[in-house]
Amino acid sequence: MTIKAFNIIESTLREGEQFARAHFSPADKIAIAAELDAFGVEYLELTSPSASPQSEADARTIAALPLRAKVLTHTRCHLDDARLAATTGVDGIDVLFGTSSKMRAFSHGKSVEEIIEIGTEVVRFVQAQGLEVRFSSEDSFRSEPDDLLRVYRAIDRLHPQRVGLADTVGIATPNQVFEMVSLVRRNVDCDIEFHAHNDAGCAIANSFAALEAGATHIDTTVLGIGERNGIVPLSGMIARLLSVQPDLVTKYRLDRLPELDRMVAGMVGIDVPFNAAITSETAFHHKAGMHTNAVLNHPSAYEIFDPAVFGLERTIMAGHRLTGWNAIRSRADSLGLSLGEEQLRALTAEVKRRADTAPLADDELDDLIRGWVPA
Ligand code: HCA
Ligand code: CU
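Residues numbered from 1 in each chain as written. Chains lettered and ligands numbered in written order. Predicted model: local features only at pLDDT ≥ 70, side-chain atom pairs only at ≥ 80, totals over all residues. Heavy atoms only, no water.

Asker: Explain the overall build of the protein here, please?
Answerer: Of regular secondary structure, the protein possesses 14 helices and 10 strands. Restricting the contact set of the protein to residue pairs at least 6 apart, pairs at least 24 apart contribute 72%. Element-wise, carbon and sulfur atoms account for 51% of the exposed surface of the protein, whose accessible area totals about 16800 Å². Taken together, the 37 basic and 53 acidic charged side chains of the protein have centroids lying 2 Å from each other. (Helix = DSSP H or I, 4+ residues; strand = E, 2+ residues; numbered from the N terminus. Contact = heavy atoms within 4.5 Å. Areas by Shrake-Rupley, 256 points an atom, 1.4 Å probe, with all protein chains shown as cover. Lys, Arg positive; Asp, Glu negative; His and termini not counted. Charge placed at Lys NZ, Arg CZ, Asp CG, Glu CD.)

Okay, structure coming up:
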């Protein structure tokens, strides 16, 4: 199925701030905004100015930067919050209302009619300020589909830029997302945004299913940081699309991803996760003999992306017991040494014997190779 549109609502400066270890200084926020803008995201989403005095000041600062990306802020669906947000100079406001029975019972206590009434008032207010508006329902997948559709249809009649579905608790499966987004697609004319949490490890798969069903905008954060274990990681979403439909992501500066992930990881005091798509330290690292042999013949044997696209290089690990003679030969070649067939096989056996105790560091392996070649 061909995906027609893909826009990123990059929420590191909103959802990302909800990550347990995040506390971005004003300078951090400016650096993140600049890097994401250089990468080419379409939208930046900022914490609500109602959250704290510094959040308000930072929203004004970022809204005033000369960025290509449109700047949005995210608020409760409440006139007071929208009024303040509209004074900050942002291009648009993403408003959020809880539609699930849990939210209606335990949080705001409003009926579907009241949600529509308040939603209409807030959406109209934002539109009257000449700003973009998105209306989203929190916890969409634990809301009654009939309630959701009533709300979305009523809001769609006001012609907002987008309605949003949020899998706030990360409970949805890809098939459920596909069904639900397809249903909403048949019922509204405006664009559709999707926000996926990663509690069950499905955030990227769910967002991809949403795009296949006709969603147009996906929320991401750098490294996926967010509330609990976070949302869709930007690099992961890019990897998913690049492998399926590259035309959707060649508009971005993919070579900036590694630095972007490293920068934000540093700011929140974590390493780039070992299993991050594209930017993990080992994302293009090959180890077992069968793998290294084939990769040395042709990288595409075990790589779906060329690391050069991201400004990266592949690495081949040779000094361990799973190694193969092709990897050892390649290492010897890189030292300018050429080994005969028998020498090579004997050397490989020796590496395996020694590395059975512990892997050899590169310089240990190189010393062994040099010593193996007769002077
Ligand atoms: C939350 C809000 C939100 C909002 C998503 C959206 C969520 O922190 O509960 O506006 O689309 O996950 O529901 O991040
Ligand atoms: Cu969220």
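Asker: Teacher, can you tell me more about the coordination of the copper ion (ligand 2) here?
Answerer: Each pair of donors in an ideal octahedron of six around a metal sits at 90 or 180 degrees, and each pair in an ideal tetrahedron of four sits at 109.5 degrees. Around the copper ion (ligand 2), the donor atoms from the protein are Glu-15 (OE), His-195 (NE2) and His-197 (NE2), and they sit 2.1 Å away. All donor residues of the copper ion (ligand 2) come from one chain, and their arrangement in sequence is E-x179-H-x1-H. Each of the two residues, His-195 as well as His-197, counts as buried. (Donors = N, O, S within 2.8 Å, 3.2 Å for Na, K, Ca; no water. Buried < 20%, exposed > 50% of the residue type's maximum accessible area, 1.4 Å probe, protein only.)

Asker: Teacher, can you tell me more about the nonpolar core here?
Answerer: One finds Phe-6, Phe-39, Phe-135, Leu-165, Ile-238 and Leu-241 to be the most contacted residues of the largest nonpolar core, which totals 92 residues. Of the residues forming this core, the biggest block, 7 residues, is contributed by helix α5 (residues 112–128). For Phe-6, the residues in contact, after removing those within four places along its chain, are Glu-42, Leu-211, Thr-216, Ile-218, Met-237, Leu-241, Leu-248, Val-249, Lys-251 and Tyr-252. In this structure, Leu-339, Leu-344, Val-351 and Leu-360 belong to the second largest nonpolar core, which totals 13 residues. (Core = buried A, V, L, I, M, F, W, Y, C linked by side-chain atoms within 4.5 Å.)

Asker: What's the story with the pairing of strand β7 (residues 191–196) in this structure? I'm lost.
Answerer: Across a regular strand the side chains alternate sides, sitting on one face of the sheet and then on the other. Of all the 6 residues making up β7, 5 are buried; the element is thus mostly covered by neighbouring parts of the structure. Note that strand β6 (residues 162–167) and β7 share 6 bridges and pair parallel. What sits directly across from Leu-165, in β7, is Phe-194. Since β6 and β7 lie parallel, the crossover through helix α7 (residues 174–187) that links them has a hand, and here it is right-handed. (Pairing = 2+ DSSP bridges. Right-handed = clockwise from strand over helix to strand, strands pointing away.)

Asker: Can you walk me through the sheet that holds β7 in this structure?
Answerer: The pairing of strands in a sheet comes from backbone hydrogen bonds and takes either a parallel or an antiparallel form. Spatial ordering of the closed barrel is given by β1-β2-β3-β4-β5-β6-β7-β8, a layout of 8 strands whose pairing is parallel. Here the average twist between neighbouring strands, direction ignored, is 25°. (Axes fitted to C-alpha atoms, helices over the stretch in contact; angles between N-to-C directions.)

Asker: How should the pairing of β6 be read in this particular structure?
Answerer: Counting buried residues along β6, 6 of its 6 residues qualify, which places the element largely inside the surrounding structure. Two elements, strand β5 (residues 132–138) and β6, share 4 bridges in a ladder whose sense is parallel. When the bridges of β6 are listed, Phe-135 appears paired with Val-163. The handedness of the β5 to β6 crossover, carried by helix α6 (residues 145–156), is right-handed.

Asker: What am I meant to see in the site of ligand 1 here?
Answerer: Contacts to ligand 1 come from Arg-14, Glu-15, Gln-18, His-74, Leu-96, Arg-134, Ser-136, Glu-138, Ala-166, Thr-168, His-195 and His-197. Ser-136 has a polar side-chain atom sitting 3.1 Å from an oxygen atom of ligand 1. In this structure, Thr-168 approaches ligand 1 through a side-chain N or O atom, which is 2.6 Å from an oxygen atom. When ligand 1 sits alone it has 350 Å² of accessible area, and the protein chains cover 91% of it. Looking at the shell around ligand 1, the element that brings in the most residues is β5, giving 3 residues. Here the shell around ligand 1 is composed, by residue class, of 2 nonpolar, 6 polar and 4 charged. (Near = heavy atom within 4 Å. Polar contact = N/O pair within 3.5 Å; in protein donor to acceptor, adjacent residues only side chain to side chain. Nonpolar A, V, L, I, M, F, W, Y, C, P; charged D, E, K, R; others polar.)

Asker: Help me understand unusual backbone geometry in this model?
Answerer: Residues apart from glycine generally show negative phi values, whereas peptide bonds are mostly found in trans. Even without being a glycine, Leu-223 presents a positive backbone phi close to 65°. Residue classification places Leu-223 among the buried residues on the basis of a relative accessible area of 15%.

Asker: Help me understand the domain arrangement of the protein, please; the structure alone is not making it clear to me.
Answerer: The extent of an interface is frequently quoted as the accessible surface area lost upon association of the parts. As far as domains go, the protein holds domain 1 (7–268) and domain 2 (285–372). Between the C-alpha centres of domain 1 and domain 2 the distance comes to 45 Å. Across the contact, 6 residues belong to domain 1 and 6 residues belong to domain 2. For the pair domain 1 and domain 2, the summed buried area comes to about 490 Å², and 85% of that belongs to carbon and sulfur atoms. Considering only the side of domain 1, the residues that lose the most area to domain 2 are Leu-242, Leu-254 and Pro-258, jointly responsible for 55% of the buried surface there. Between the two partners, domain 1 and domain 2, sit 0 salt bridges. Applying the counting rule to domain 1 against domain 2 returns 0 residue pairs in polar contact (both at pLDDT 80 or more). In terms of residue count, helix α9 (residues 234–244) provides more of the side of domain 1 that touches domain 2 than any other element does, 3 residues in total. Residues that form the side of domain 1 that touches domain 2 fall into these classes: 4 nonpolar, 1 polar and 1 charged. (Domains from an automatic or database assignment. Buried area = accessible area lost by both parts, 1.4 Å probe. Salt bridge = Lys/Arg side-chain N within 4 Å of Asp/Glu carboxyl O.)

Asker: I keep staring at the pattern of salt bridges and nothing clicks. Help me out?
Answerer: Where charged atoms from two side chains of opposite charge approach closely, those side chains can pair. All chains considered together, the criterion is met by 27 salt bridges. Among the ionic pairs, Arg-60 bridges to Glu-56, the shortest N-O distance being 2.7 Å. Within this pair, Arg-60 and its partner Glu-56 are both found in helix α2 (residues 53–63), separated by 4 residues, close to a single helical turn. With a relative accessible area of 23%, Glu-56 lands in the partly exposed category. With a closest N to O distance of 2.8 Å, Arg-314 and Glu-303 form a salt bridge.

Asker: Looking at this model, I keep getting lost on the packing of helix α8 (residues 203–212) against α9. Mind explaining?
Answerer: Angle between the axes and distance between the axes: these two values describe a pair of packed helices. Orientation of α8 relative to α9, taken along the N-to-C sense of each, is 50°, at an axis distance of 10 Å. Relative to α9, the element α8 is oriented oblique. For the pair α8 and α9, the crossing hand works out as right-handed. Every residue of α9 that contacts α8 at Ile-204, Ser-207, Phe-208 and Leu-211 is listed here: Gly-236, Met-237, Arg-240, Leu-241 and Val-244. Looking at side-chain class alone, the contact of α8 with α9 contains 6 nonpolar, 2 polar and 1 charged residues. (Parallel < 35°, antiparallel > 145°, perpendicular 65-115°, else oblique. Left-handed = near helix turned anticlockwise from the far one by under 90°.)

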